[in-house]
Structures are given as C-alpha cells and as structure tokens.
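Spelled out, the chains give:
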Amino acid sequence: MTRPEKVNRMKGSRNAHTGIRITNTRSKRRKLPLTPRQVVLILLMLFSFMGSGIGYVWSNFETTQIGYDLSQLKQEEMRLKEINRKLRLELATLKSPKRLEPLAVQRFDLVQPKAEQIIVLP
Amino acid sequence: MKVEEKKWIRIRVYVVALFFMLGLGTILARAYQLQVVEDDYLKGIADKGIFATITLPPDRGFVYDREGNELAVSIQVGSVFAHPSQIQEKPKTAVKLSKILQEPTDSILQKLRRKRSFVWIKRRISPAVTAEVSRLNLIGVGITTESRRYYPEREIAAHLMGFSGTDNQGLEGLERKYDRYLTGAQHKLVCMEDAFGRPFAINKPTPPEKAGVHHLTLTIDKEIQYKAQQALHSAVTQTKAKGGHCVVVDPKTGEILAMAVVPQFNPNIFSKFRPDTWRNRAVTDCFEPGSTMKAFLLSAALEEGVVSPLTEFFCEEGKFKVGGRVVHDTHEYETLTVADIVVRSSNIGAIKIGQKLGYERFCRYLKKFGFSEKTGVDLLGERAGFIRTTKHARTIDQANLYFGQGMSTTSLQLVMAMAAIANGGQLMRPYVVKEIVDDAGHQVEETTPQVVRRVISFKTAKTVASILTGVVGEEGTAPKAAIKGFGVAGKTGTAQKIDPRTKAYSKRKYVATFVGFTPVEDPKLVILVVIDEPEGIAYGGLVAAPVFQKVGSWALNHLRAAPRPGLLAGGDAGQVDQASVSPKSAQPIAVAPQVKRIAQELRQGVLPDFTRMGMRQVLKKGRDLGLKVCLKGSGLAVAQQPEPGCSLSQVDSVEIHFKPPGR
C-alpha cells in the first residue's frame, strides 16, 4: 500500500466532524449464548422452583392455621360435649317423677286414671 | 529443597491435621453428648417449650333405666386449690373465698397456712360458684376441673345404684359391683403451643392402658321404682315402722323392675346419711317370712298329690298343741279346705297340711323354690337365708316352718319364689343389669332371661294361682290388695320377730308382708311388700297390701296393661267367688277364676251398629263388649267390619272406619 492510499483510508476511517478514528471492523453483534428453547426451559424451572418454594411456605402456613382452627374446634367440641352432659343431667332432674307428680296433681289438677277410664288401643 | 525443610513442612502438616482432627473430635463428642447422652433431658426441655399437655379427668359411664332415662351421670365441675407459698395476704384471701364457698374462714385460713406447695380448698363445686371464684382472680388460687357423679333421681333406686366416691371409684351397690366397667382411664391430650401459649396442633389422645368407659342399662323402670319407693315410704311413715322393702319383678324374665328400700338416702350427699341406711336390705337382710310360706306349702302339697284344693282339715277351733307348745289361729276355725286354709291363713291348717306332706319334702320344695341359697342376682352382699335341716328341727320347729317361722329369707328370694308360681312353675334368675355398652354404643354384654329350674308343674302353678286370688277377695286376708280391673293373686304374712334381748318371739315386733302377682291370667308383675316392725296393727293384709295395690295399679297403667272389662263392674268381681264363706263353717272355695265366664257372658248377643258414633263412644262400647277395636281415620264412624248383627260369640275384633262429618 502506497502512502497516499494509506492516508486516504485513515481519513475515511475518521469521523468527519470529530476527527476521531472509529474502527468498526472488529466489532461483532453480540449473540445470546442460549437457544430460545433453553430460555423457556430455564424460565419454567425458575417458576417451578419459586412456585414450589412459595407452595411449601403457604402449605406450612395453612397447616399452622388449620392447626389453630382444629385445636379451637377440639376445645369447642369438648365444651359442647360437657354442656350436653350438663343439659342431660338437668333434663333428667326436671323429668324426675318425684318432681313431676306433685306438679301434675297440684298445678294442673291431674289425677290417676280410674281403671274404667283406661282403654288400651291395639 | 533441602531435607531439613521437607521435614519441617511434614511436621507442620501433621500439626495442622492434628488440630483439625481435635476440632472434629470435639464436635463429634459434643454431638454425641447432646444427641445420645442428654437426649431425653434436652428433648424434655425443648418439648416443654413447644408442647402442652391437657389432662382430661377420668370419665365414668352413665347408668340408664330400661327406658333410657339417666339414673347416674358424671359431669365436670370445678375444684378450688391453692399454692399457699404464693399467697401474700392469706387472711384476706381466706375471707374472700369463704364468702363465695360458704365455708368457715378459719378452716380456709388453716389450709392456706399449711406449709405445702398445694392444698385443696373445696372440691367439686357448682359451675356458678366456680365462675365467681375465677372472677376474684386471686393470686395463688386456681380452679381445676374434676368429674363429679350426680344421681338426678336422688333417692329413687339409690340402694341399687349405690354411689361413687370423690376419686371416681364405686363404693356401694352397682357402682361398686360394675366399677371396672364404669371407670374410664385418664386421657391426655398433647398439643403444640405457640409463643403466646395458644395450642395449634393437637395430637391424637394416647390410647389409655385400660378400656374406656362403659354404660349400664338396668332392668329398673324409673316410674315403677318411684311409685314403689313413694308408696312404701308413706306406708312406713304412717305405721311408724322401722323400715321396709318393696321389690317388683317381671315373672317371665326375672328382670327386677323396682327395688325400693326404706329408710332412704340421697346418693348425691351420701355422707350425710348413716352408713346403715346405704345397705340394700332387700338382698342383704334376712327375715322370717311368716304366712307367705303357706303359698309354697300349698304348691308342694298339691305337686306331691298329698292333698287337693278341696281336702278338708279340722282346724281345732283356733288352738292346737304341737311339740309341747300351743299354736294359735287369729280366728277360730273348725273345718277348712286346703284352699281355705291358705286364703284365711290358718296356722293350724298349715301345720296339718305340712305334717301330711312331711318336713323333709317341704324343705326340698323350699330349696327348689330358691330358699336358703343365693339367687345369683348381680348385686353385692346377697345373703342365702336359712332353713333348719330335718336333723336339727324339733317337732315345734317343723310345725313353725309350715307357717313360715323358724326360717329366714331375703325379700328377693321370696319374690322370686312367688314369681315361679306366677311363671307357671319355672324359677327364673333375677337380674338388674340388662346390657353393658361401650362409649361408641356397641354392646359388650347382655343379660338374657335364665331359667334356674322347674319347681312345680304348670298345672299346679295355675291351681295355686287361682287359690291365691281368694286372698284378695272379701273373705281373704288382703282385700286391700285388690286392683280394680285386674285379677290379683297373693299371700299375706305377719311374722313375729325374735326379740334380741329375750331371745324369744316378741309380741310387739312383727314383719308384715304381702307378696302377689297381677294380672292372674297373664302375670306381668310380681310385687313384694315388707314392712318391718309397724306400730299398732301389724297385719300384712292391712299394712303391706295397700302398698301392693298402689304400686300394682300404677305399674299396670304405666305398662299399658288393659283392664279386663269383666273385672271393672263390681270392683272385686273376678276374684274367687267366696261370698258364702263364714269363719266357723267355711264352705269350699270355687277354685276356677271367673274371668272367662264373665267375659263369655258379656259376649252374648249381637254386634251393635257403631256408625255415627264418636271414637270415645266406640272405644268404650267395644271395651264393654270385650272386643278389640281397630280404628281407621278420624271423625264419626261410617263403616264397620264385621257388619252389625253378627253373633258376638264369633267376633273377637272389629275394624271401624271414621270420616270427619260434612264430607
């Protein structure tokens, strides 16, 4: 290469305004090292890991919450069972013939039926 | 590299390796210590922070009557305790507690001043009081729940049920006998707690070592038991007697429907009653049965064929010398038939029948009827009673036995023996517990009727039953036992008691008895009434028979037994016809019951027209005619099947259709 040729090329390689030489010959367009398929796969894996992590935390949280509810319900069950027993006792006390007979006789003027008043239906 | 340098490097490597080895060894040793050596201790500490244990008080099974009514129930109630060391102002605390608990301040203060870490202040208090104590929020005073037994029927069936103590253990009666079934194990609930002490995960309760609670269903009928107890109590109070028993049994099964004992006690507050009132005297106490034995003498004599109901005996006009002693009758009789001897309760007649039968044979029959041996009832403390053997019985002892003196029996034996007559001659084993079920309602045990043995033939039993109906007739010893609408058979007894001081028969102390069954044609109930030492008139027919009548009529009504139309008209109609019998010259008693005849008489004629009648009218008329009436629809009668005009002798039941008027 002759000198003027070299100068011309150098001129051409400089910016007309700034005079800075920019060489683009070596620059290459950077390419993604992964194929789209791999990206999708990675994204899927990422979501699945995150999903399972959140799921695990969520299920743990739910378990604890259900545990609270269960223990409350268990206590409620025990309380209701006990109330049921107490009510059964109260009912039995109220149904006692020792209490009912005087009530029937004195308050409602009921009497024992006479034999001739009793008709047993078949 | 020089040899020296190489050597130095190797030493340094070894030192570093040793250093790491030591470090690792220490870690491993510490891990071993924590994981293996101190495992339980450390786990315990950790668990204490995480887990909480809720201890549930041991449960106790319920007891039900035959219709499923609760007779014994356990509920959880509060108990107040204190940690004396934590209480600063003991007198103030004591005053506050005494106001609510209604206990003397001094006794509470005394408890609070004890040098203990834990004291009970008051156990098993009512829920209202528990709430008041917890509202006080006293430091060092706490409330815990404990199980408490309640008997909602109070005195009713108390002697049968017994009671359980403060530590949930059966102490008397069925509570004690079936304690292993009724007592449940202590349950523990383990739960995880958060930082605020709120439980958030309850583990399943650990399976207890022993089986859970069981519930008992008894053969007792609460209604009949109530009436037995009430009628007996009023009779005992009226006659100022020492006590009494009333036992009601179903003769076909041996089920005990009621067992009342006076003096009564309330099992809810048993400690406030004298211990001797807790005893179920109907099975634990023996007494001399007196003339009620004549029913069994009659059974034995008829079964052996030594007499017939119409065989006559001379009754010595009220005085008879036997074995060097003179035996008296209440009335002076001349000649009486066997049936009359039993109906009028002639001691002299009984001795003569007995002598004809023979002492040994009579004893054999008594034993077959279940006397002098335990009945095998599922109750505690049963006694066997006593009969003298032939070898040990003098002539006077033998004579006494024929009218029920000189032997002893329990109320239960006597009622079961009478039940054998009512049951066509078959002796049944009595029982109280019908069924045992577990907490889930599965049946664990069931008691079924059990025939012990045949004592007398069916025919003899029916003959004896029809003779015994005379006892409640106008001429018998117990007209007061008659129940309108139902045939009653029974026997009275008025036995002298031995005076413990004189060791001879007392002339003031008696045991008045009536044992009988009803309805005669198809016995549903056998009732025994014993009144111990009534004051004044002590005859079984006057003292015990009215109790039989009250209990019997109530129980028959409760069991929905239909009265016999033929027995409704004249009160005692249907009892043995004995109108023409006078004390001195007794005429034979017609043995056959007249129930059938009366029913047949009523059935003569034709079936009436029921149309345009109301239901009440139809039922009344149908019952008067002895017909089973089947009702269909409502309103006024519009049609009937069979048609009116049919011969009543061919009709058993009639179906009547009703329609509301105006349609």
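From a predicted model like this one, the values you see are computed outputs, not experimental measurements.

We now examine the overall build of chain A. Counting its secondary structure elements, chain A contains three helices and zero strands. Secondary structure elements of chain A occur, N-terminal to C-terminal, as α-α-α. Across the 122 residues of chain A, 10% fall into the buried class. Here chain A has roughly 11,000 Å² of accessible surface; of this, 62% comes from carbon and sulfur atoms.

Before going further, it helps to examine the overall build of chain B. Along its length, chain B carries 22 helices and 24 strands. In terms of C-alpha radius of gyration, chain B reaches 37 Å, well past the compact-globule figure of 26 Å for 663 residues. Looking at the 663 residues of chain B, the share that counts as buried comes to 51%. In the form shown here, chain B has an accessible surface area of approximately 31,500 Å², with 53% of it arising from carbon and sulfur atoms. Here chain B contributes 90 positive and 66 negative side-chain charges, whose respective centroids are spaced 4 Å apart.

Attention shifts here to the nonpolar core. Residue and element names in this part refer to chain B. Counting 139 residues, the largest nonpolar core has Leu218, Phe296, Phe371 and Ile531 as the members making the most contacts within it. With 10 residues, helix H16 (residues 411–422) is the largest single contributor of residues to this core. No fewer than three residues from each of domain 2 (54–213) and domain 3 (222–568) sit in this core. Once you skip the residues sitting within four places of it in the chain, Phe296 turns out to touch Phe362, Leu366, Phe369, Phe371, Leu414, Ala417, Met418 and Ile421. Of all hydrophobic cores here, the second largest spans 17 residues; its members include Ala94, Ile108, Ile125 and Leu138.

Moving on: the sheet that holds strand E9 (residues 243–249) of chain B. All names here are of chain B. Ordered in space as E10-E9-E21-E20-E19, the five strands form an open sheet in which the pairing is antiparallel. The sheet is open, and its two borders are formed by strand E10 (256–262) and strand E19 (489–499), each paired with just one other strand. Sheet twist, expressed as the mean angle between neighbouring strand axes with direction ignored, is 10°. With six bridges joining them, E9 and E10 adopt antiparallel strand pairing. When the sheet's bridge partners are listed, Val249 is paired in E10 with Ile256.

Residues and elements named next belong to chain A. Along the polypeptide, Asn15 turns up in the loop between helix H1 (3–13) and helix H2 (36–94). Accessibility expressed as a relative area gives 30% for Asn15, which makes it partly exposed. Separated by 33 residues in the primary sequence, Asn15 and Ser48 place their C-alpha atoms 52 Å from one another.

Another aspect to go through is unusual backbone geometry. All names here are of chain B. Cis peptide bonds are those with omega within 30 degrees of zero, and the linkage from Thr518 to Pro519 qualifies with -20°. Within the secondary structure, Pro519 sits in the loop between strand E20 (504–518) and strand E21 (525–532). The peptide bond linking Gln641 to Pro642 adopts the cis configuration, its omega dihedral lying at 5°. One can find Pro642 in the loop between strand E23 (636–641) and strand E24 (653–659). Notably, Arg124 is not glycine yet its phi reads approximately 55°, a positive angle.

What follows concerns the interface of chain B and chain A. The extent of an interface is frequently quoted as the accessible surface area lost upon association of the parts. The interface is formed by 42 residues belonging to chain B together with 29 residues belonging to chain A. For the pair chain B and chain A, the summed buried surface comes to about 3,200 Å²; carbon and sulfur atoms form 60% of the total. At the boundary of chain B with chain A, the tally comes to four salt bridges. Between Lys98(A) and Glu155(B) there is a salt bridge, with the nearest N and O atoms lying 2.6 Å from each other. Linking chain B to chain A there are 11 residue pairs in polar contact (both at pLDDT 80 or more). Listed by contribution, the elements that provide at least two residues to the side of chain B that touches chain A are strand E1 (51–56), strand E3 (70–82), strand E7 (199–202), helix H9 (222–238), helix H19 (545–558), helix H22 (615–624) and strand E22 (628–633) of chain B. Classifying every residue of the side of chain B that touches chain A by side-chain character gives 24 nonpolar, five polar and 13 charged.

Cut-offs used in this document
- Sequence order as written defines residue numbering, which begins from 1 separately in each chain.
- For this description, chains carry letters from A and ligands carry numbers from 1, given in the order in which they are written.
- Restriction of local features to residues with pLDDT of at least 70 applies here, the model being predicted, together with a cutoff of 80 or more for giving and counting side-chain atom pairs; totals for whole chains, interfaces and linings are based on all residues.
- Side-chain calculation: all heavy atoms of the structure are included, whereas hydrogens and water are not.
- We count a stretch as a helix when DSSP gives it H or I for four or more residues in a row; a strand needs E for two or more, and each element gets its number in order from the N terminus.
- Burial classification: accessible surface area is computed with a 1.4 Å probe over protein chains only, and a residue below 20% of its type maximum counts as buried, one above 50% as exposed, and the rest as partly exposed.
- Accessibility throughout is a Shrake-Rupley quantity obtained with a 1.4 Å probe, and a residue counts as covered only by protein chains that appear here.
- Radius of gyration: over C-alpha atoms. The globule rule applied is 2.2 Å multiplied by the number of residues raised to the 0.38 power.
- Charged-residue counts in this description rest on Lys and Arg as positive and Asp and Glu as negative, His and the chain ends being excluded.
- Taken as the charge location is NZ of Lys, CZ of Arg, CG of Asp or CD of Glu.
- The criterion is simple. A nonpolar core is a set of buried Ala, Val, Leu, Ile, Met, Phe, Trp, Tyr and Cys residues joined through side-chain atoms within 4.5 Å.
- These domain boundaries are the output of an automatic or database domain assignment.
- Contacts between residues were defined by any pair of non-hydrogen atoms, one from each residue, lying within 4.5 Å.
- Between any two strands, pairing holds if DSSP finds at least two bridges.
- Axis definition: a line fit to C-alpha positions, over the contact stretch in the case of helices; interaxial angles, taken between N-to-C directions, run 0 to 180 degrees.
- Reported buried area values correspond to the accessible surface (1.4 Å probe) lost by two parts on association, with both partners' losses combined.
- Any carboxyl oxygen of Asp or Glu within 4 Å of a side-chain nitrogen of Lys or Arg constitutes a salt bridge here.
- For the purposes of these results, a polar contact is taken to be a pair of N or O atoms within 3.5 Å, where, inside protein, one atom must be able to donate a hydrogen and its partner to accept one; residues adjacent in sequence count only when each atom of the pair is a side-chain atom.
- We call Asp, Glu, Lys and Arg charged. Ala, Val, Leu, Ile, Met, Phe, Trp, Tyr, Cys and Pro are nonpolar, and the rest, Gly among them, are polar.

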